[in-house]
Amino acid sequence: MKMNNMKKTIALALLVVSQWIISAQNYSVSFIPDSIKTNADAVVIYDNTTIEILNQRSMNISQKTAVTIFNKNAQEWASPSIDYDKHQKINNVTLIYYDALGNVLKKVKRSEFMDYAAVDGFSIYSDNRLIHFDYTPVTYPFTMVYEYELSTSNTAFINSWFPMRGYDTGVLSSSYSLIFPKEFKVQQLENNILGFNIKSQVLPQRLNYTLSNTPPLKYEEMSPSFREIVPHVNFAINKFNLAGVDGQAESWEEFGIWMQDKLLASRNNLSEETKTQIKNMVEGVADPKERAKIVYEYVQNKTRYISVQIGVGGWMPMYTDDVDRLSYGDCKALTYYTKSLLEVADVPAYYTAVHAGNPKRNIEKDLVSVQGNHVFLILPMEKDSIYLECTSQKIPFGIKNDFTEDRDVLSLTPQGGKIIHTPAYLPEENRQDQIVHYSLDDKGTLNAKIEIKSFGNQYSNHLQDFDGKQPNELDELIKNHYDHINNITIESIKVYNNRELKRYEENILLSATNYAVINPDASILFSPNAFNRLDYVPPKVNNRKMPFEIKNSFKDVDQYKIQLPENYVVSDLPTSVSIETDFGIYSFSIEKETEQILVYKRSIIVYNGIYPKEKYEEYRKFRKDLKKYDEMKILVNKK
Amino acid sequence: MKKLLITFFLLNITFANAQTYKFGKVSIDELKETTCAIDSTASAAILYKERFTHFEYEESKGFYIVNEYFTRIKIYNKEGYDYASHIIPLYQANSENEEVMSLKGATYNLENGNIVKTKLENDAVFLEKTNKYWSQKKFTMPNLKEGAVLEWEYSVKCPFYSKLDEVVLQTEIPIYKNAVNITIPEYLIFNTNTKGYLNVPLQQSKKNRTLDLSYNQRYDNGRLGYKTERVQSSVTFNEAVYKIDMLNVPSLKEEPYAGNIDNYAAGILFELSVTKFPGSNIETLSNDWEAVAKKINESEDFGKELKEKSHFIADLPGILEGKITEMDKINAIFKHIKTKIRWNEFNSFYTDLGVKKAYKEGLGNVADINLNLISMLREAGFDANPVLISTVSNGIPYFPSRQAFNYVVASVKTVDGTILLDASKIFTVPNVLPESALNFNGREIKPDGKSDWIKLYAQKHSISKIVTNLKFTESGFEGNVRKILNLSFAMNYRNNMIGKTKEKIIEELNEEYENIDVLDARINNLEDLEKDINESIKFETESYFEEISGKTYISPMFFYQRTKNPFTLEQRDYPIFFNKPFVNAVTINLTIPENYTIESMPESTEILLPQNLGAFVYKFVQNEQIILIESSIVINEPVIQAGQYTIIKDFYRDIIKKQAEKIVLVKK
């Protein structure tokens, strides 16, 4: 009996010990190598994603993640969120927090997670939801470990692998496995894999990727967008299901045909009255561009943008007759509605998907899959195609749009899908012309008349900032815009969206006391460039590791006529300056027109692009020079 | 951001006055209007807004509220399209919820002289569950065109009889006519309070009502004593009727630095203060500030918590060991609580985990932390009390209610006066509260339950003292700077710098001090709260001077020069919140090389503000090749009243002008 008991006890002890060994992933912080945790706000201990595609309509995702958080900067890691919608189910959620030694601090139950609508702030309604647990750390460092499983029928979207999620975060191990049945073809697109510690394996029916032992990446001023720098892999499968709709495509042609047939075609149900109305509007107009303009401006005046993200993951547009009746819709609805009306007006238009916004992002042409966050229209013409953004009531017909320019997009042509590259704005097209007349009196007060005309992306910026604003909002905007000048009183501001000439116009009358500095000997010191100064110099970066990016190109041309106070003359004027660099060209000149009137001319063009890290100091010098010359002062003496 | 309009127009608008409003009866005149007569810049206006709130009775549930709304809006142009969407927030708790009944709406457009009506269909109305307590019913009006008139009508059934929603009398767009009727049975007594700057014409009257009510009745059953019985009978009772009819209400426009703009919108707030249902006792819910404070003091999660000490009593002797002076002891307890319990980012004056659990686990809300602080101070023999506060974002407490407060700190009497302590924020020091809590006055509650207002702003000036030694070389300047900060300035500095590596700090200093290269930086006393912050940096710069026409012009204040006036408005209707009296003192020793003569330098000057609001002292002294520059800006009041705005605006304007004057050098 005694022996039996002892055996039982030993067996029990062994069982307990072995369980302890099996479950003993040690979360003690001391196990993280110094090379990974130095300067890290957080370290990913492991981040394992396994995606199994069971069939065209079923995919299981299993996620196991452990992150050690060292300080407040990485605090958002500590409160996990899991997104889902009505096509997805979340199962088996576990969440445990450990202290620095690896002891359990807190175990969280699924019921303690809060369930929220994933409110994006501008949709009137959306199906998307998320569960979230809010955790406040007691001490640092601590480790958060969570696991969950998600099953979904949306096989059209396969999560990409993004092992490095942010700056100042080290990674011990991040792995990704994609498992799929024999009859499926999977494509993968690898970005920025070289130069990082990544191993990949391509097996029949399985793809594996692992990133190991990567120290944290530090942000450097003017680095290109994070996405451009870090490794990531995107995936697509040739047979999929998008929110209840089956699809199959191995080429963009096929994909485009599927999208037209299954997502778009059935949504066009314009009434006969509407069709007749459109035909009447364009009767007798021979030029297709003119017909397109009439239809486009009709839609602009009739509709407004309301975001409604329902159904089919938000991928099917509203019925065209509904848009017609309600006079509103989101980007898909308004774009498809416009296309349908153009069809009636005998103008072909291609429904085009794009990654809109900044930084610039391409539809990955080597990966046939559902991509993009926005749609617009491309109208093929004999010479240059016309690009139509259908969600704005204000922009001119056919203007290049600054959030869809210069990138690969997917256009649905009658022959199927096609990747094309939208034309980029040339720096000369992003132009601002400024004509200023101002006078100074002997107390240093400035009185100015300013005329501004903006084109290209400068047009878009000014339209967004100034159009439709109340007078007192404009007052505040102008004062903030010229914030290097104190004591501004605005006499008048007139703004105008000149659609015919595709430019934004502003006319401003203002005055400011104490603009010029009066010296003890009554001489006056002031800076001729009152209204367009580039005074920002990017900070120094020691041992720069990454290239840097100038995001926007532009060209500014300013002409000033400056009237000096009575009885004052200028003695010396600075010599003209012209600087030419890889980044842009700057020049100014200042001359006497008469004894009382000076003419100051300034012109600058800046080229966007990604530049090598070795040129960063050169760029800083360029900015220092711009600042020096833009702020430069001249002296005016009493006669 | 727009200016706040407080002028009240009384225009004679033909259709607005003459018309009675019924759903479905939109007139051609309303459709023809092209601009708003109240405010020609308005992109939309409410033609008519009506609210009728009344109480109904259901046998099983008792009294409940019905809110009936009718709104008619005119859209003048595309900028007003946002007002064609509406959200109805619905509250739920304890498996009861507010519900929308009978929603209908329509858009009217004028087409070729005819009124065209487009109905609001069900598929354009969405119900969204936001979280555990709130849902939202949302809709947007169809077929919107410039010039359209929209209307909607709905009622909300609210099972919570204390939830009498604020009567909104001013919105972002002008209102031609607003009619409100709130009718309340005498069994519920609500306190009312008006907010905002507009004059609200509130008419009160009474009316009779008869309902079949059932209630418990107690009666004398003779020898069997008292008996309680459920009775149903027809009861006639009074109802208080609150009526408001307002015409031509100007819109509420936001202004910068307004703080909480909601404080200024015209409205009426209702708070349930007494219930006396038939057959029940009178229940008082809240009264005046004294009563509110007393009630809070008696509650489990507050007053009772202050009596708990068993969990810390053993630690006290160790904390106080070796501490002799009063302030030493207070600081020791303060420090102990700060390090012992970490703030979980929740504000309240009621405890969350409870003082015991929070102390043991090391985590708690503001009350968990500060109530522990008060108990410990009391146990150590100090006269310490809780002070209830409404934080800045919570708004100014309008009238006595427990909901007015959302924060609590500790007060302690010392030989130098009463000081305030907040142990929930690590970098506070005695009598320096976090800026978010500095909202005029707090309510201090004594142990006997009596309470009074207490000023939250510190009396002592927060001081920023900077001493710079610079040398002018032909290509620029090089030198060092020492900065000493105390009180509020030190607290903000620590909040910003803690945990940052030296590299990061130098990066930030480079950004903060424009146009210089920080060569080295050292910060002392970052963690020692009892000492002032001491920052020293070594730098060089190519800026702050210019050669023009053979002379050299130097900006004497370098990167400390005030170039931007923070006060730009023509007029301001509410105070300037500096939050603390302060001194910004800068001393510069500038050495000029031998091969230059100092031709001129700015004249010394002094500006003294009236009513001792503050001063600016600017001194220049030359000693051979060294120029001594001293600039001192002093503000003595934490809050400057709106009426003194121009004084302060001009003060900064003059400082900027003076500091822009140059030192002029000539080469020998």
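This is a predicted model, so every value here is computed, not measured.

1. What to know about the overall build of chain B
Step number 1: Summing up its helical and strand segments, chain B has eleven helices and 37 strands in all.
Step number 2: The principal-axis extents of the C-alpha atoms in chain B amount to approximately 105 × 80 × 45 Å.
Step number 3: With 668 residues in all, chain B has 34% of them scored as buried.

2. With respect to the overall build of chain A
Step number 1: For chain A, the count of helices and strands is eleven helices and 38 strands.
Step number 2: Viewed in the frame of its principal axes, chain A has a C-alpha envelope of about 120 × 70 × 40 Å.
Step number 3: Counting only residues that meet the buried cut, chain A has 32% of its 639 residues in that class.

3. Points about the sheet that holds strand 27 (residues 533–541) of chain B
Residue and element names in this part refer to chain B.
Step number 1: Across the sheet, eight strands lie side by side as 26-27-25-24-31-35-34-33; this open sheet has mixed pairing. Of all strands in the sheet, those with a lone pairing partner are strand 26 (517–524) and strand 33 (605–608), marking the two edges. Pairwise comparison of adjacent strand axes, ignoring direction, gives a mean angle of 10° for this sheet.
Step number 2: As judged from the ten bridges shared by strand 24 (residues 462–473) and strand 31 (residues 582–591), these two strands associate in the parallel manner.

4. A short note on the domain arrangement of chain B
It is common to give the size of an interface as the accessible area lost on bringing the parts into contact.
Step number 1: Its domain assignment divides chain B into domain 1 (14–279), domain 2 (290–455) and domain 3 (462–667).
Step number 2: If you average the C-alpha positions of domain 1 of chain B and of domain 3 of chain B, the two centres end up 54 Å apart.

5. Some details on the environment of A:Arg304
Step number 1: Tracing the chain through its elements places A:Arg304 in strand 17 (residues 304–305).
Step number 2: In this structure the C-alpha to C-alpha distance between A:Arg304 and A:Val323, which are 19 residues apart in sequence, comes to 9.8 Å.
Step number 3: If we ignore the near neighbours within four places in the chain, the residues touching A:Arg304 are A:Ser327, A:Tyr328, A:Gln393, B:Tyr81 and B:Leu144.

6. Details of the sheet that holds strand 30 (residues 524–526) of chain A
All names here are of chain A.
Step number 1: With respect to topology, four strands assemble into an open sheet ordered 29-30-38-33, the strand pairing being antiparallel. Where the open sheet ends on each side, the last strands, each with one partner, are strand 29 (517–518) and strand 33 (568–570).
Step number 2: Sheet topology note: the strand 33/strand 38 (residues 634–638) ladder contains three bridges and is antiparallel. Note on strand 38: the bridge partner recorded for Val569 is Asn637.

7. Focus: the domain arrangement of chain A
Residues and elements named next belong to chain A.
Step number 1: Domain annotation for chain A reports domain 1 (29–242), domain 2 (249–421) and domain 3 (428–638).
Step number 2: Inter-centroid distance (C-alpha atoms) of domain 2 to domain 3 is 39 Å.
Step number 3: Each partner contributes residues to the interface: domain 2 has five residues there, and domain 3 has eight residues.
Step number 4: For the side of domain 2 that touches domain 3, a count of residues per class yields two nonpolar, one polar and two charged.

8. Here we look at unusual backbone geometry
Step number 1: That bond from A:Asn358 to A:Pro359 is cis: its omega, 0°, falls within 30 degrees of zero.
Step number 2: Tracing the chain through its elements places A:Pro359 in the loop between strand 20 (350–354) and strand 21 (374–379).
Step number 3: With a phi angle near 60°, A:Asp168 is a residue other than glycine that sits in the positive phi range.
Step number 4: Position of A:Asp168 among the secondary structure elements: in the loop between strand 9 (142–152) and strand 10 (169–179).
Step number 5: Of note, the phi angle at B:Asn112 is positive, near 50°, even though the residue is not glycine.
Step number 6: Within the secondary structure layout, B:Asn112 lies in the loop between strand 5 (99–111) and strand 6 (114–119).
Step number 7: Exposure remark for B:Asn112: the 5 C-beta atoms within 10 Å place this residue in the exposed category.

9. Let's talk about the confidence of the model for chain B
Residue and element names in this part refer to chain B.
Step number 1: Of the residues in chain B, 92% reach a pLDDT of 70 or more, and the chain-wide mean stands at 87.
Step number 2: Below a pLDDT of 50 lies the segment residues 1–18, which in the model reaches 40 contacts outside its immediate sequence neighbourhood of four places, other chains included.
Step number 3: For this predicted complex, the interface confidence comes out at an ipTM of 0.72, alongside a pTM of 0.76.

10. Quick notes on the pairing of strand 29 (residues 551–554) of chain B
Residues and elements named next belong to chain B.
Step number 1: Judged from the four bridges that link them, strand 28 (residues 545–548) and strand 29 form a sheet pairing that is antiparallel. Each residue of the ladder has a partner; that of Phe545, found in strand 29, is Ile554.
Step number 2: The antiparallel hairpin formed by strand 28 and strand 29 contains two residues in its connecting segment, where Ser549 sits at a positive phi of about 50°.
Step number 3: Looking at chain direction, strand 29 and strand 37 (residues 663–667) are connected through four bridges and run antiparallel.

11. Description of the nonpolar core
Step number 1: The biggest cluster of nonpolar side chains holds 109 residues, and the ones touching the most others in it are A:Val295, A:Leu377, B:Ala45 and B:Ile75.
Step number 2: Once you skip the residues sitting within four places of it in the chain, A:Leu377 turns out to touch A:Thr335, A:Thr338, A:Lys339, A:Ala349, A:Tyr350, A:Tyr351, A:Thr352, A:Leu388 and A:Cys390.
Step number 3: By size, the runner-up hydrophobic cluster in this structure holds 54 residues, among which are B:Ala293, B:Phe302, B:Ala404 and B:Ile445.

12. Let's talk about helix 9 (residues 487–497) of chain B
All names here are of chain B.
Step number 1: Looking only at helix 9, the buried set comprises Leu487, Ser488, Phe489, Ala490, Met491, Tyr493 and Arg494.
Step number 2: Against strand 24, strand 25 (476–485) and strand 27 lie the buried residues of helix 9.
Step number 3: Positive backbone phi, approximately 85°, marks Gly499, located one or two places after helix 9.

13. Let's talk about the interface of chain B and chain A
Step number 1: Listed as interface residues are 43 residues of chain B and, on the opposing side, 38 residues of chain A.
Step number 2: Tallied by class, residues from the side of chain B that touches chain A come to twelve nonpolar, 14 polar and 17 charged.

14. A short note on helix 8 (residues 331–344) of chain A
Along an α-helix, residues three or four apart share an orientation, since each turn contains 3.6 residues.
All names here are of chain A.
Step number 1: Given a rise of 1.5 Å per residue, 14 residues ought to cover 20 Å, and the 20 Å separating the end C-alpha atoms of helix 8 matches this to within 8%.
Step number 2: Among the 14 residues of helix 8, eleven are classified as buried, and the element is accordingly described as predominantly covered.
Step number 3: If you check which residues of helix 8 are buried, you get Lys332, Ala333, Leu334, Thr335, Tyr336, Tyr337, Thr338, Lys339, Ser340, Leu341 and Leu342.
Step number 4: One or two steps after helix 8, the chain reaches Asp346, where phi turns positive at roughly 65°.

15. Quick look at the packing of helix 6 (residues 326–340) of chain B against helix 8 (residues 366–379) of chain B
All names here are of chain B.
Step number 1: For the pair helix 6 and helix 8, the least separation of the axes is 10 Å and the interaxial angle reads 150°. Between helix 6 and helix 8, the crossing angle belongs to the class labelled roughly antiparallel. The way helix 6 lies across helix 8 gives a crossing that is right-handed. Together, Ile330, Ile333, Phe334 and Ile337 of helix 6 and Ile369, Asn372, Leu373, Met376 and Leu377 of helix 8 make up the contact between the two elements.
Step number 2: Here the residues of the contact of helix 6 with helix 8 are counted per class, giving eight nonpolar, one polar and no charged.

16. Quick word on the confidence of the model for chain A
Residues and elements named next belong to chain A.
Step number 1: Mean pLDDT over chain A stands at 89; residues scoring 70 or higher make up 93%.
Step number 2: Confidence, expressed as mean pLDDT per element, reaches its minimum in chain A at helix 1 (residues 2–22) with 51 and its maximum at strand 26 (residues 446–454) with 98.
Step number 3: pLDDT under 50 marks residues 15–23. Its contacts with residues more than four places away, or in other chains, come to zero contacts.

17. Looking at the pairing of strand 15 (residues 267–275) of chain B
All names here are of chain B.
Step number 1: Where strand 10 (residues 167–168) lies against strand 15, two bridges are found, and the strand directions are antiparallel. Paired with Val167 across the strands is Ile268, a residue of strand 15.
Step number 2: The sheet contact formed by strand 12 (residues 188–195) and strand 15 spans eight bridges and is antiparallel. Among the inter-strand pairings, Ile189 is bridged to a residue of strand 15, identified as Val274.
Step number 3: Across two bridges, the pairing between strand 15 and strand 16 (residues 283–284) is antiparallel. By the bridge assignment, Val274 is partnered in strand 16 with Thr284.

About the thresholds
- Residues numbered from 1 in each chain as written.
- Chains lettered and ligands numbered in written order.
- Predicted model: local features only at pLDDT ≥ 70, side-chain atom pairs only at ≥ 80, totals over all residues.
- Helix = DSSP H or I, 4+ residues; strand = E, 2+ residues; numbered from the N terminus.
- Buried ≥ 20, exposed ≤ 12 C-beta atoms within 10 Å, placed from the backbone.
- Pairing = 2+ DSSP bridges.
- Axes fitted to C-alpha atoms, helices over the stretch in contact; angles between N-to-C directions.
- Domains from an automatic or database assignment.
- Contact = placed C-beta atoms within 7 Å.
- Nonpolar A, V, L, I, M, F, W, Y, C, P; charged D, E, K, R; others polar.
- pLDDT = per-residue confidence, 0-100.
- Core = buried A, V, L, I, M, F, W, Y, C linked by C-beta atoms within 7 Å.
- Expected span 1.5 Å × (residues − 1).
- Parallel < 35°, antiparallel > 145°, perpendicular 65-115°, else oblique.
- Left-handed = near helix turned anticlockwise from the far one by under 90°.

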